[in-house]
Amino acid sequence: EQVEETLVEMYEIPTVFGRNIFNNKLLTFESSKNIPIPSNYILGAGDVVIIDIWGASQNMIEAEISPEGKIVVESVGPLHLAGKSVKEANKYVNDVLGKIYAESSISLSVGTTRSIVVQVLGEVATPGSYTMSSLSTAFNALYAAGGISEIGTLRSINVFRNGKNIATIDVYDYIFNGNTAGNVTLQDNDVISVGAYDAIVNIDGKIKRPMMYEMKEGETLSSLIRFSGGFTGDAYSEKVRVVRKSGREFSLHTVEKQNMGAFNMSDGDVVYV
């Protein structure tokens, strides 16, 4: 009865570590419109480019890339820019216009970026299609969708492009290790899919950050303790108690220190230090 009362009290805690990252008003992932355009940005239809010419000749050409992927420059003809990075486009424009504007410097920049449409599906607050800047990342899209729902996963968020999985986001890897590899820059028609979590585990007692954590399949008690910040200075760390519920039955496990790295966690486990 005491174990059941403890479990009921613990499960009244709604907070899962990291779940509010995409709907926290103090931590915004809204895409910025005033960031420099990176040199590896891929140009596409709808981008507005500015070509500055100075030196022996003075000129400024501003044009929007057409659906066919080109701009038309007077007295020169079409310049095919779509699919090129800003760096590649600069070299291309210099090669072509340099023959006309001899002894002049030529530079291409992006004035206004195009819009893209991405889909955010699955366990998010507001699934749907979102129109965003072409500089937006997967985190920007998750923020636009209102964040992860109560049953959504933070540990395995997939980004699909043309039917292929191009990135998998583990939010804990981002929080604990600063790994942003999965936070890819999005392209038109990308799909972000958020599935359901594998396991939610609660840890309480002499631990630095007692709360609920999402665990992936195969992660152990040692991983949970690391997520929670480790033992406090006055913790008894040689043994940890795990309460596991299966149906209507509870099982109590006492896990010794040397076995924590091999003890896999299951959904609904309650750990007490």
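Further up the page is the structure itself.
In what follows, the accompanying structure is described. (Residues numbered from 1 in each chain as written. Predicted model: local features only at pLDDT ≥ 70, side-chain atom pairs only at ≥ 80, totals over all residues. Heavy atoms only, no water.)

1. Side note on the environment of R244
- Relative to the helices and strands, R244 is located in strand 13 (residues 239-246).
- In sequence terms R244 and V271 are 27 residues apart; their C-alpha atoms lie 8.8 Å from each other.
- Non-local contacts of R244, meaning those with residues more than four positions away in its chain, are made with E249, F250, S251, H253, F263, N264, M265, S266 and D269.
- Engagement of the side chain of R244 in a polar contact is seen with the backbone oxygen of N264, the distance being 3.0 Å. (Helix = DSSP H or I, 4+ residues; strand = E, 2+ residues; numbered from the N terminus. Contact = heavy atoms within 4.5 Å. Polar contact = N/O pair within 3.5 Å; in protein donor to acceptor, adjacent residues only side chain to side chain.)

2. Focus: the sheet that holds strand 1 (residues 48-55)
- Pairing within the open sheet is antiparallel, and its 3 strands lie in the order 2-1-5. Each edge of the open sheet carries a strand with a single partner, namely strand 2 (59-64) and strand 5 (104-112). Across the sheet, the mean angle from the axis of one strand to that of its neighbour is 15 degrees, orientation sign disregarded.
- The pairing of strand 1 with strand 2 spans 6 bridges and is classified as antiparallel. The residue bridging I50 from the neighbouring strand is E62, located in strand 2.
- Helix 2 (residues 86-97) contacts strand 1, strand 2 and strand 5 of the sheet and is inclined by roughly 140 degrees relative to strand 5. (Pairing = 2+ DSSP bridges. Axes fitted to C-alpha atoms, helices over the stretch in contact; angles between N-to-C directions.)

3. Overview of the packing of aromatic side chains
- Throughout the structure, instances matching the rule amount to 8 aromatic pairs.
- With 5.3 Å between their ring centres and 65 degrees between their planes, F22 and F139 make a pair best called edge-to-face. Note that F22 is positioned in the loop between helix 1 (2-11) and strand 1 and F139 in helix 3 (residues 138-144), a separation of 117 residues in sequence. By the burial criterion, F22 is buried, and F139 matches it.
- Ring geometry for Y172 versus F176: centroids 5.8 Å apart, planes at 85 degrees, classification edge-to-face. (Phe/Tyr/Trp six-rings, centres within 6.5 Å; stacked < 30°, edge-to-face > 60°. Buried < 20%, exposed > 50% of the residue type's maximum accessible area, 1.4 Å probe, protein only.)

4. A short note on the sheet that holds strand 7 (residues 128-133)
- Strand order in the open sheet made by the 5 strands is 7-6-10-8-9, with mixed pairing throughout. Edge strands, defined here as strands with exactly one partner in the open sheet, are strand 7 and strand 9 (164-169). With strand direction ignored, the average angle separating the axes of adjacent strands in the sheet is 25 degrees.
- Both strand 6 (residues 115-122) and strand 10 (residues 191-196) contribute to a ladder of 4 bridges, which runs parallel. Bridge assignment links L121 to a residue of strand 10, and that residue is S193.

5. Section: helix 2
- Compared with an ideal rise of 1.5 Å per residue, which puts 12 residues at 16 Å, helix 2 spans 16 Å between its outermost C-alpha atoms and is within 8% of the ideal.
- Those residues of helix 2 not exposed but buried are V86, A89, N90, V93 and L97. The buried side chains of helix 2 occupy one side of the element, clustering within an arc of 105 degrees when seen end-on. Turned more than 90 degrees from where helix 2 packs its buried face, K87 and K91 sit exposed.
- Buried residues along helix 2 sit against strand 1, strand 2, strand 4 (77-80) and strand 5. (Expected span 1.5 Å × (residues − 1). Arc of directions from axis to C-beta.)

6. Side note on the pattern of salt bridges
- Considering all chains together, one arrives at 10 salt bridges under this definition.
- Among the ionic pairs, D170 bridges to K216, the shortest N-O distance being 3.3 Å. Taken together, the residues D170 in the loop between strand 9 and helix 4 (171-177) and K216 in the loop between strand 12 (212-215) and helix 5 (221-227) connect sequence positions 46 residues apart.
- On the basis of relative accessibility, which here comes to 32%, the residue K216 falls in the partly exposed class.
- The partner of D269 in a salt bridge is R244, and the shortest N-O contact between them spans 2.7 Å. Of the two residues, D269 is situated in the loop between strand 14 (249-256) and strand 15 (270-272) and R244 in strand 13; the sequence distance between them amounts to 25 residues.
- Overall, D269 belongs to the buried group, its relative accessible area being 0%.
- Each of R155, D170, K216 and E219 takes part in a single network of salt bridges with overlapping partners. (Salt bridge = Lys/Arg side-chain N within 4 Å of Asp/Glu carboxyl O.)

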